[in-house]
Amino acid sequence: MTRIRLVACLALAAIVATATGVAQTPIGREVAIARHLQDDEEFAMPLARLIQFGEQLFRANWTIQEGAGRPLVKGTGAPLEDPSRPLVFPRNFNRVSAPDANSCAGCHNAPFGVAGGGGDIVANVFVLGQRFDFASFDTSDPTATGSSVDESGTQTTLQSIANSRATLGMFGAGFIEMLARQMSTDLQRIRDATPPGGRQPLESKGVSFGVIARTAEGAWDATGVEGLPAASLATTGPNDPPSLLIRPFHQAGNVVSLRQFTVNAFTHHHGIQATERVGQDVDPDGDGVVNELTRADVTAATIFQATMAVPGRVIPRDRAIEAAIMLGEQRFETIGCATCHRPSLPLDNEGWIFTEPNPFNPDDTLRLGEASTLAVNLTDLRLPQPRLRAVRGVVHVPAYTDLKLHDICDDPDDPNIEPLDMNQPHGSPGFFEGNRKFLTRKLWGVANEPPYFHHGQYTTLREAVLAHGGEADGSRALFKTLPPAEQDAVIEFLKSLQVLPPGTLFPVVDEHGLPRYWPTEPLGIRASRRQDHTGSP
């Protein structure tokens, strides 16, 4: 009787522990994350531990016991078109419509196996495939967005059902988000100072975004705005100005923040739902698990990505290669590549203080005022190295981008055109017209994060250069007119832009990882080369 009572007491204790949120005895459990952060815990723990936990979430191989999978919803979060066929084995994984990965790091792991990095062609994501229940290309299934029939009633193919995109690294992503925030704020300030009947040039950090105008009645005219996605130009009348938001994530400029990107990805790829989007103690995906990702969890995963090391440069101590890199860098500018791939953009007004949440987050992601603000100094030398530094109140971010969308495709038959436009409403005529505009690729780190171009189907940098059309056609033509040795020099310059091995303290190094001076490096990089790199956050 004593043993029976003991077993009963243990069972009762387990029930009470489960009800009160106390971690259960782990015997027999199979989960990647034994204990999730509770909301507000992110503000009480040391930054190093928060980043470490964020990386743990990024590396986690999720299981059904902790909410992996989404039996009753698509990767968009919308209910399945046919709930009678839930996404459970053998329909629990699907390479095109997802869930398609066990972990974030399963795709984001290059170079050097770094979690948060880029990915090989095998890691390509089928963007917009998640609007389908289960993409099996079953032509006998007439359900729109069920198996192979799209919103227009057309049978799709592997080439038309989604946009195949290369997996990019998140190196330096915190600096990129802060640049986008500052530039968006600048554009909105100009917008708000535009009176009825007026027009104003939109410019931030030396980058032109065209012209914003208003009619005499006060209606907004965004037809002269350049380089922003459709959602940032939308307006319904004088009291609803276009947001003019720069959306620095996704290769078509679709996502505002790392946090939005993170919440989207966990839902899409793993079926792990964030409470800030679906609510507390609810189970909209029907997998029997609630509170799969807390607000504090998402913050940790976001901060992990925001504080990743910045890419740098490798300049070998070989006179011939040095000369080629220097010449190639000069030609890169003279033929016009640097017009869009701007060598650096300045962060000022302490823009290197990364804060969560982003004030421009959409309604389905944590908004400013819904929780306390967490702030991290991205120039803190105790964060993963190498780091950028502020010089005279400015951090120069050498990302080689202007954060604008550009049409880089040739005629309508150019195979680089994507079949779908993710910046248009799903199923609309504009959606099916395809996409020719891409966010200027951030070239820092490009050389050792192949494959290249938005689709990742080019194996060399030279192929990517020669594939530039549309707005970049003039630069491509000038590249072709260069003597072969000078074309090679441009490629050698691009080869110097690398993600550096973990633990590298300096952003510009030689082939042995030793620091070196390079005359064109931004002031902030020179400063970081002179700093004492000790301590941990």
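In this text the structure is predicted, and so the values were computed from the model without any measurement. (Residues numbered from 1 in each chain as written. Predicted model: local features only at pLDDT ≥ 70, side-chain atom pairs only at ≥ 80, totals over all residues. Heavy atoms only, no water.)

**What about the overall build of the chain?**
Within the chain one finds 12 helices and 14 strands. In summary, the chain has a C-alpha radius of gyration of 24 Å against a globular reference of 24 Å for 537 residues, a match within 12%. Expressed as a percentage of the 537 residues in the chain, the buried residues total 54%. The contacts of the chain with a sequence gap of at least 6 include a subset with a gap of at least 24, amounting to 68%. Accessible surface, the chain as shown: approximately 23,100 Å² in total, 56% of it carbon and sulfur. Looking at charge distribution, the chain has the averaged site of its 46 positive side-chain charges lying 6 Å from that of its 62 negative ones. (Helix = DSSP H or I, 4+ residues; strand = E, 2+ residues; numbered from the N terminus. Rg over C-alpha atoms; globule rule 2.2 N^0.38 Å. Buried < 20%, exposed > 50% of the residue type's maximum accessible area, 1.4 Å probe, protein only. Contact = heavy atoms within 4.5 Å. Areas by Shrake-Rupley, 256 points an atom, 1.4 Å probe, with all protein chains shown as cover. Lys, Arg positive; Asp, Glu negative; His and termini not counted. Charge placed at Lys NZ, Arg CZ, Asp CG, Glu CD.)

**Some thoughts on unusual backbone geometry**
The phi torsion of most residues other than glycine is negative, and most of the peptide bonds are trans. Residue glutamate 356 is joined to proline 357 through a cis peptide bond whose omega torsion reads 5°. Note that proline 357 resides in the loop between strand S8 (353-356) and strand S9 (374-377). Note that the residue after proline 450, namely proline 451, is joined by a cis bond; omega there is 0°. Its identity is not glycine, yet leucine 403 carries a phi of approximately 60°, on the positive side. Tracing the backbone through its elements, the reader meets leucine 403 in the loop between strand S10 (395-397) and strand S11 (405-407).

**Notes on the confidence of the model for the chain**
On average, the chain scores 93 in pLDDT, and the residues at 70 or more come to 93%. Confidence drops under pLDDT 50 across residues 532-537; counting only partners more than four residues distant or on other chains, this segment forms 13 contacts. (pLDDT = per-residue confidence, 0-100.)

**What to know about the nonpolar core**
Across soluble globular proteins, you tend to see nonpolar side chains buried next to one another. Core analysis: the biggest nonpolar cluster contains 69 residues, and Trp62, Phe175 and Val397 have the highest contact counts within it. Looking at this core, the elements with two or more residues in it are helix H2 (47-59), helix H3 (173-192), strand S4 (207-214), helix H4 (258-270), helix H6 (295-306), strand S7 (345-347), S9 and S10. In terms of residues, this core owes the most to one element, H3, which gives nine residues. Once residues within four sequence positions are removed from consideration, valine 397 is found in contact with Phe175, Leu179, Pro343, Ser344, Leu345, Leu347, Leu388 and Trp444. One finds Ile417, Phe453, Leu482 and Phe493 within the second-largest nonpolar core, a separate group that totals 25 residues. (Core = buried A, V, L, I, M, F, W, Y, C linked by side-chain atoms within 4.5 Å.)

**Considerations on the packing of H2 against H6**
Here H2 crosses H6 at 95°, and the two axes come no closer than 7 Å. In terms of orientation, H2 and H6 fall into the roughly perpendicular class. Residue-level inspection shows Leu47, Leu50, Ile51, Phe53, Gly54, Glu55, Leu57 and Phe58 of H2 in contact with H6, the latter providing Asp297, Ala300, Ala301, Ile303, Phe304 and Gln305. (Axes fitted to C-alpha atoms, helices over the stretch in contact; angles between N-to-C directions. Parallel < 35°, antiparallel > 145°, perpendicular 65-115°, else oblique.)

**Quick word on the sheet that holds strand S6 (residues 312-314)**
Strand order in this open sheet of three strands is S13-S6-S14, and the pairing throughout is mixed. Bordering the open sheet on either side are strand S13 (497-498) and strand S14 (508-509), each of which pairs with just one other strand. (Pairing = 2+ DSSP bridges.)

**Digging into the environment of valine 376**
Locating valine 376 in the fold gives a position in strand S9. Among the residues examined, valine 376 registers a relative accessible area of 2% and is labelled buried. Sequence-wise, valine 376 and proline 451 are 75 residues apart; in three dimensions their C-alpha atoms are separated by 32 Å.

**A short note on H3**
The terminal C-alpha atoms of H3, which comprises 20 residues, lie 28 Å apart, in line with the 28 Å expected from a rise of 1.5 Å per residue. The buried fraction of H3 amounts to 16 of the 20 residues, a majority that puts the element mostly inside the structure. (Expected span 1.5 Å × (residues − 1).)

**Re the packing of aromatic side chains**
Taken as a whole, this structure holds seven aromatic pairs when the rule is applied. Note on tryptophan 62 and phenylalanine 266: the rings are 5.9 Å apart at their centroids and 85° apart in plane angle, and the pair reads as edge-to-face. On the criterion of sequence distance, the pair formed by tryptophan 62 in the loop between H2 and strand S1 (125-127) and phenylalanine 266 in helix H4 is long-range, its members being 204 residues apart. A relative accessible area of 6% places tryptophan 62 in the buried class. Chaining the aromatic ring pairs together yields one cluster made of Phe332, Tyr400 and Phe493. Above the face of the tryptophan 220 ring, arginine 214 is positioned so that its terminal group lies 4.1 Å from the ring centre. (Phe/Tyr/Trp six-rings, centres within 6.5 Å; stacked < 30°, edge-to-face > 60°. Lys NZ or Arg CZ within 6 Å of the ring centre and 35° of its normal.)

**What to know about the sheet that holds strand S3 (residues 199-204)**
Taking strand neighbours across the sheet as the criterion, the three strands line up as S3-S4-S5 in an open arrangement whose pairing is antiparallel. Among the strands making up the open sheet, the edge pair consists of S3 and strand S5 (220-221). Two strands pair when backbone bridges link them, and S3 and S4 are joined in this way by five bridges, in the antiparallel orientation. Bridging across to S4, arginine 199 finds its partner in alanine 213. Against the sheet, H3 touches S3, S4 and S5, its axis set at about 165° to S3.

**Observations concerning the side chain of arginine 387**
In this structure, arginine 387 sits in the loop between S9 and S10. Despite its burial, arginine 387 remains without a salt bridge, the nearest opposite charge being carried by aspartate 380 at 7.8 Å. A polar contact is formed between the side chain of arginine 387 and the backbone oxygen of threonine 307, at a distance of 2.7 Å. Reaching out from arginine 387, the side chain makes a polar contact with the backbone oxygen of proline 384 at a distance of 2.8 Å. (Salt bridge = Lys/Arg side-chain N within 4 Å of Asp/Glu carboxyl O. Polar contact = N/O pair within 3.5 Å; in protein donor to acceptor, adjacent residues only side chain to side chain.)

**Re the pairing of S9**
The alternating pattern of S9 places Leu374 and Val376 on a buried face and Ala375 and Asn377 on a face that is not buried. Two strands pair when backbone bridges link them, and S8 and S9 are joined in this way by four bridges, in the antiparallel orientation. Bridge pairing links threonine 355 to alanine 375 in S9.

**A short note on the packing of helix H7 (residues 319-334) against helix H11 (residues 484-495)**
Orientation of H7 relative to H11, taken along the N-to-C sense of each, is 95°, at an axis distance of 7 Å. By the criterion of interaxial angle, the relationship of H7 to H11 is roughly perpendicular. Together, Ile321, Ala324, Ile325, Leu327, Gly328, Glu329, Arg331 and Phe332 of H7 and Glu486, Ala489, Val490, Glu492, Phe493 and Leu494 of H11 make up the contact between the two elements. Across the contact of H7 with H11, the residue classes tally to nine nonpolar, one polar and four charged. (Nonpolar A, V, L, I, M, F, W, Y, C, P; charged D, E, K, R; others polar.)

**Looking at the pairing of S4**
In terms of residue burial, S4 counts as a mostly covered element, since six of its eight residues are buried. The turn linking S3 back onto S4 is made up of two residues, and lysine 205 within it adopts a positive phi angle of 55°. The pairing of S4 with S5 spans two bridges and is antiparallel. When the sheet's bridge partners are listed, alanine 213 is paired in S5 with aspartate 221. Adjacent in sequence and paired antiparallel, S4 and S5 are bridged by five residues, among which glycine 218 carries a positive phi angle near 100°.

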